[in-house]
Amino acid sequence: MLYLAIGLFLLALFFLWQSSRTRRAAGLPGGRIIYTDTRAWGKTDKALYAAGIGLTGKPDYLVEQKGKIIPVEVKTGKTPAQPYDSHIFQLASYCLLVEKTYGIRPPYGIIHYPERDFAIDYTSELENALLEILVEMRRDERRETVARSHENRTRCLKCGFQKDCKESLA
Ligand code: SF4
């Protein structure tokens, strides 16, 4: 249960830590700017769970399109020129969860920023990069300490582990 509770939070931290390295290795897709009709978006009412890989998560919306289910992640704040790697991996985890839950592979997912939307293709390369991260996460969960991977004080200030973290910059 503890794993379930902190799973996605750790996933987010790990994504931030690993993202640049994995992006180089996997050649992650950049986002395609698309227009989406938000009236078709259905709010997700419960978290998706993939028992086999111990992953859980709740996309903000799911959109049904031509027999496919497309996950949508809504981000606030400044709209980047291209989606952040951490957001791409978060969306990829939702694509994986949708496939495991509904048995239909989403061809892409959508990241919705305040000023534009990006479609992120859910390629086998992106899926493999995500699965690699999950394997590394499990390995690191068994370690007593994991070194800080950044010099960003603001990130530490917002971090839920700040009080207990010996490497906090805050
Ligand atoms: S306080 Fe900073 S270094 Fe520690 S876990 Fe949080 S973000 Fe990482």
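Preceding this paragraph is the structure being described.
We now turn to the structure provided with this report.

Calculation criteria
Residues numbered from 1 in each chain as written. Predicted model: local features only at pLDDT ≥ 70, side-chain atom pairs only at ≥ 80, totals over all residues. Helix = DSSP H or I, 4+ residues; strand = E, 2+ residues; numbered from the N terminus. Contact = placed C-beta atoms within 7 Å. Expected span 1.5 Å × (residues − 1). Buried ≥ 20, exposed ≤ 12 C-beta atoms within 10 Å, placed from the backbone. Arc of directions from axis to C-beta. Near = placed C-beta within 6 Å. Nonpolar A, V, L, I, M, F, W, Y, C, P; charged D, E, K, R; others polar. Core = buried A, V, L, I, M, F, W, Y, C linked by C-beta atoms within 7 Å. Axes fitted to C-alpha atoms, helices over the stretch in contact; angles between N-to-C directions. Parallel < 35°, antiparallel > 145°, perpendicular 65-115°, else oblique. Pairing = 2+ DSSP bridges.

**Thoughts on the overall build of the protein chain**
Working step 1: When helices and strands are counted, the protein chain shows four helices and eight strands.
Working step 2: When the elements of the protein chain are put in sequence order from the N terminus, they spell out α-β-β-β-β-β-β-α-β-β-α-α.
Working step 3: Long-range pairs, those at least 24 residues apart, make up 62% of the contacts in the protein chain between residues at least 6 apart in sequence.

**Re helix α2 (residues 85-102)**
Working step 1: Taking 1.5 Å per residue as the helical rise, α2 with its 18 residues ought to reach 26 Å, and the 25 Å between its terminal C-alpha atoms agrees with that figure.
Working step 2: Trailing α2 by a residue or two, G103 shows a phi angle of about 75 degrees, which is positive.

**Section: helix α3 (residues 124-141)**
Three or four residues apart is the spacing at which side chains of an α-helix point the same way, because the helix has 3.6 residues per turn.
Working step 1: Counted at 1.5 Å a residue, the expected span for α3 with its 18 residues is 26 Å, and the 26 Å between its end C-alpha atoms agrees.
Working step 2: Those residues of α3 that fall on the buried side of the exposure criterion are L126, A129, L130, I133 and M137. Across the axial projection of α3, the buried residues extend over an arc of 100 degrees, all falling on one side. Facing away from the buried side of α3 by more than 90 degrees, the exposed set consists of S124, N128, V135, R138 and R139.

**Observations concerning the site of the ligand**
Working step 1: Taken together, R148, R155, C156, C159, F161, Q162, C165, E167, S168 and L169 form the complete shell of residues around the ligand.
Working step 2: When the residues that make up the shell around the ligand are grouped by side-chain class, the tally is five nonpolar, two polar and three charged.

**Observations concerning unusual backbone geometry**
Working step 1: A positive phi angle, near 50 degrees, is found at K66, a position not held by glycine.
Working step 2: Here K66 shows up in the loop between β5 (61-65) and β6 (68-74).

**Here's the deal with the nonpolar core**
Working step 1: Among the nonpolar cores identified, the biggest contains 26 residues, and L91, A92, C95 and L130 are the most heavily contacted of them.
Working step 2: The biggest single contributor to this core is α2, with nine residues.
Working step 3: Contact partners of L91, with chain neighbours within four places excluded, come to P71, E73, G109, I111 and I120.

**Observations regarding the packing of α2 against α3**
Working step 1: The interhelical angle for the contact between α2 and α3, taken along N-to-C directions, is 100 degrees, at an axis separation of 10 Å. With respect to α3, the element α2 is oriented roughly perpendicular. Every residue of α3 that contacts α2 at F89, A92, S93 and L96 is listed here: L126, E127, L130 and I133.
Working step 2: Its residues placed into classes, the contact of α2 with α3 shows six nonpolar, one polar and one charged.

**Notes on the pairing of β5**
Working step 1: Judged from the two bridges that link them, strand β2 (residues 42-43) and β5 form a sheet pairing that is antiparallel. By the bridge assignment, K43 is partnered in β5 with Y61.
Working step 2: Relative to β6, β5 is paired through five bridges, and the arrangement is antiparallel. Across the sheet, E64 pairs through a bridge with I69, a residue of β6.

**Here we look at the pairing of strand β8 (residues 117-121)**
Working step 1: By the alternation rule, side chains of β8 split into F118 and I120, which are all buried, and D117, A119 and D121, of which none is buried.
Working step 2: Direction of pairing for strand β7 (residues 108-112) relative to β8: antiparallel, over a ladder of five bridges. Bridge pairing in β8 places Y108 opposite D121.
Working step 3: Connecting β7 to the next strand, β8, in antiparallel fashion are four residues.

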